[in-house]
Amino acid sequence: MNQQLLVLIKPDGLKKSLTGNILTRLSETKLEIVAAKMVRVSRELAVEHYKHMKDKPFFEDLVKYIQGELHDRRKVMAMVYWGNDAITKVRQLAGATNPEEADPTTIRGSYGRITTKGLYENVLHTSSNELEAEREIKLWFQPEDIIVDLYPTEVIEVKMEKKCVWT
Ligand code: CDP
Ligand code: MG
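No experiment lies behind these values; they were computed from the predicted model shown.

Visitor: Give a description of the pattern of salt bridges that names residues and reports values.
Guide: Here the structure, examined in full by the defined rule, presents ten salt bridges. With its nearest N and O atoms 3.0 Å apart, the salt bridge here joins R113 to E121. Across the pair E157 and K159 runs a salt bridge whose closest N-O atoms are separated by 3.9 Å. With respect to class, E157 is no different from K159; both count as exposed. What you see here is one network of salt bridges that share partners, running through E48, K51 and R135.

Visitor: Account for the site of ligand 1, with residues named and values stated.
Guide: Taken together, K10, Y50, M53, F58, L62, Y65, R91, T97, R108, L119, Y120 and N122 are the residues near ligand 1. Between ligand 1 and the protein, one listed contact pairs an oxygen atom with a side-chain N or O atom of K10 at 3.1 Å. A distance of 2.8 Å separates an oxygen atom of ligand 1 from a polar side-chain atom of N122. Look at ligand 1: alone it shows 510 Å² of surface, and the protein chains cover 82% of it. Of the residues belonging to the shell around ligand 1, the class tally is seven nonpolar, two polar and three charged.

Criteria and thresholds
Along each chain, numbering runs from 1 in the same order as the chain's sequence is written. For this description, chains carry letters from A and ligands carry numbers from 1, given in the order in which they are written. Where totals are concerned, whole chains, interfaces and linings use all residues; where local detail is concerned, this predicted model gives features only for residues with pLDDT of at least 70, and gives and counts side-chain atom pairs only at 80 or more. Based on all heavy atoms of the structure, the side-chain values leave hydrogens and waters out of the count. Any carboxyl oxygen of Asp or Glu that lies within 4 Å of a side-chain nitrogen of Lys or Arg is treated as forming a salt bridge with it. The rule is simple: take the accessible area with a 1.4 Å probe, protein chains only, and divide by the maximum for that residue type; under 20% is buried, over 50% is exposed, in between is partly exposed. Throughout, the term near means that a residue has one or more heavy atoms lying within 4 Å of the molecule or strand in question. In protein, a polar contact means a hydrogen-donor-capable atom and an acceptor-capable atom, both N or O and within 3.5 Å, with residues adjacent in sequence counting only if both atoms are side-chain atoms; elsewhere, any N or O pair within 3.5 Å suffices. Computed with the Shrake-Rupley method and a 1.4 Å probe, the accessible areas treat only the protein chains shown as cover for residues. Each residue is assigned to one of three groups, with Ala, Val, Leu, Ile, Met, Phe, Trp, Tyr, Cys and Pro labelled nonpolar, Asp, Glu, Lys and Arg labelled charged, and all others, Gly among them, labelled polar.

Put into structure tokens, the structure is as follows:
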């Protein structure tokens, strides 16, 4: 069954120059990348993305982490992977949330670490189920950013919108 999910290369992954390695590992899945962009993560986006974790003691650090404030790299690479059984395939390659428990052959097992404060810096985010994937893809991407039709859309007329264009 075809599925889609959000994959983020987190700021530690970018700082460690792991983009190529991570994309190469994920290409083993034979899934398609149907959207990709670099994102400067606002606090608003970070809080919304991790809203289900807001009661965790590490929530503020998690927000700082995904915003790149812990790595002096204020960006993440956001992608949508699409294809047969995509969520299981990507999560298997990503490995367990705790990088020390992750199988060493997985991406997190190879490149993740636990900070001295106890935060799991695990290099990438991957949606864990179809509902979460839908919420996250719609949060990070607009319909026109994605080259296949994943979810129903509608056309609305937007008036008085301000837009930045090339001079
Ligand atoms: O990312 P994943 O879906 O595997 O795990 P999660 O339970 O949704 O947690 C989101 C993120 O919070 C993790 O990827 C870690 O960066 C962080 N986390 C942490 O630092 N310490 C924990 N005990 C659990 C999660
Ligand atoms: Mg999760």
